[in-house]
Amino acid sequence: MPTIIAHSVFAVSLAHVFKHTSLPLRFWVLALGCSMLPDIDVIGFSLGVKYGEFWGHRGFSHSLTFALATSLLVVLLAFYQEQYRPLRLRLVVFFFLVTASHGLFDSMTNGGLGIAFFSPFDDARYFLPLRPIQVSPIGLRDFLEWGGWRVLSNEFKWIVLPSLALLLVSIGVRYWLMVRRRA
Ligand SMILES: [Zn+2]
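So, here's what we can say about the structure. Per chain, residue numbering runs from 1 following the sequence as it is written. Confidence filtering applies because this is a predicted model: local features only for residues at pLDDT of at least 70, side-chain atom pairs given and counted only at 80 or more, and all residues used for totals across whole chains, interfaces and linings.

A few words now on the overall build of the protein. When you go through the protein residue by residue, the secondary structure sums to seven helices and zero strands. Working definition: helices are DSSP H or I runs of at least four residues, strands are E runs of at least two. Numbering for both runs from the N terminus. In sequence order, the secondary structure elements of the protein are arranged as α-α-α-α-α-α-α. For 183 residues, the compact-globule estimate of 2.2 N^0.38 gives 16 Å, and the C-alpha radius of gyration of the protein, at 17 Å, lies within 12% of that figure. By principal-axis analysis of the C-alpha atoms, the protein measures approximately 55 × 35 × 30 Å. Exposure classes come from backbone-placed C-beta atoms, where a residue is buried if 20 or more other C-beta atoms lie within 10 Å of its own, exposed if 12 or fewer do, and partly exposed in between. Across the 183 residues that make up the protein, the buried fraction comes to 32%. Contact definition: two residues whose C-beta atoms, as placed from backbone geometry, lie within 7 Å. Across the protein, every contact between residues at least 6 apart in sequence was considered, and the portion connecting residues at least 24 apart equals 65%. The size measure is the radius of gyration over C-alpha atoms, and the globule rule it meets is 2.2 Å times the number of residues to the 0.38 power.

Printed below as a string of structure tokens:
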């Protein structure tokens, strides 16, 4: 996996694209949470679940079905109030994308098993054809011993910089729309 730092930076940038003035702070907090949630499957390692199994790392919790279910649940539980009704479709799309982005980035890493994108319908593991992202060791000790700096600088290039570019574009477009509305 890329580190949670990389997943978070992308989550914030994408959240900026989808944000709305009436959305509360929990929109941002849940965005960060959803971008990291798929790695909850690492708990399975200590429970004896094998990497390649359904509940194994990069298995069902990294799938598109899981992303959609997470998104629906988040919107249902956190944005059920009437005032969010006009924003619900936008929120469902956003939370789906931010959760699914986790698996997408994982599938561009150069190590581990692939991602079970189509689980539970197809348990095969997939990588994208382009895999420039240095896989990050799981656990802080492994991370430090293994040369975490190399991982971070690689992620900066392949995830953080493109995410910041997305953020800049989003800021630019929003600013331009605001100026146009006032004109
Ligand atoms: Zn992951």
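The rest of the description comes next.
Looking now at the environment of I133. Here I133 shows up in the loop between α5 (88–106) and α6 (140–145). Sequence-wise, I133 and L104 are 29 residues apart; in three dimensions their C-alpha atoms are separated by 11 Å.

Attention now goes to the packing of helix α1 (residues 4–18) against helix α7 (residues 148–182). Comment: axis = line fitted to C-alpha atoms, over the contacting stretch for helices; angle = value between 0 and 180 degrees taken between N-to-C directions. α7 packs onto α1 with a crossing angle of 15° between their chain directions and a minimal axis gap of 8 Å. Looking at the two axes, α1 sits roughly parallel to α7. Handedness of the crossing formed by α1 with α7: left-handed. Contacts between α1 and α7 involve A6, V9, F10, S13, H16 and V17 from the former and E155, I159, V160, S163, L164, L166, L167 and S170 from the latter. Under the convention adopted here, Pro, Cys and the residues Ala, Val, Leu, Ile, Met, Phe, Trp and Tyr are nonpolar, Asp, Glu, Lys and Arg are charged, and Gly plus all remaining residues are polar. Of the residues belonging to the contact of α1 with α7, the class tally is nine nonpolar, four polar and one charged. Under this scheme an angle from 65 to 115 degrees is roughly perpendicular, one under 35 degrees roughly parallel, and one over 145 degrees roughly antiparallel; angles in between are oblique. Crossings are sorted by hand: turned counterclockwise from the far helix by less than a right angle, the near helix makes the crossing left-handed, and turned clockwise it makes it right-handed.

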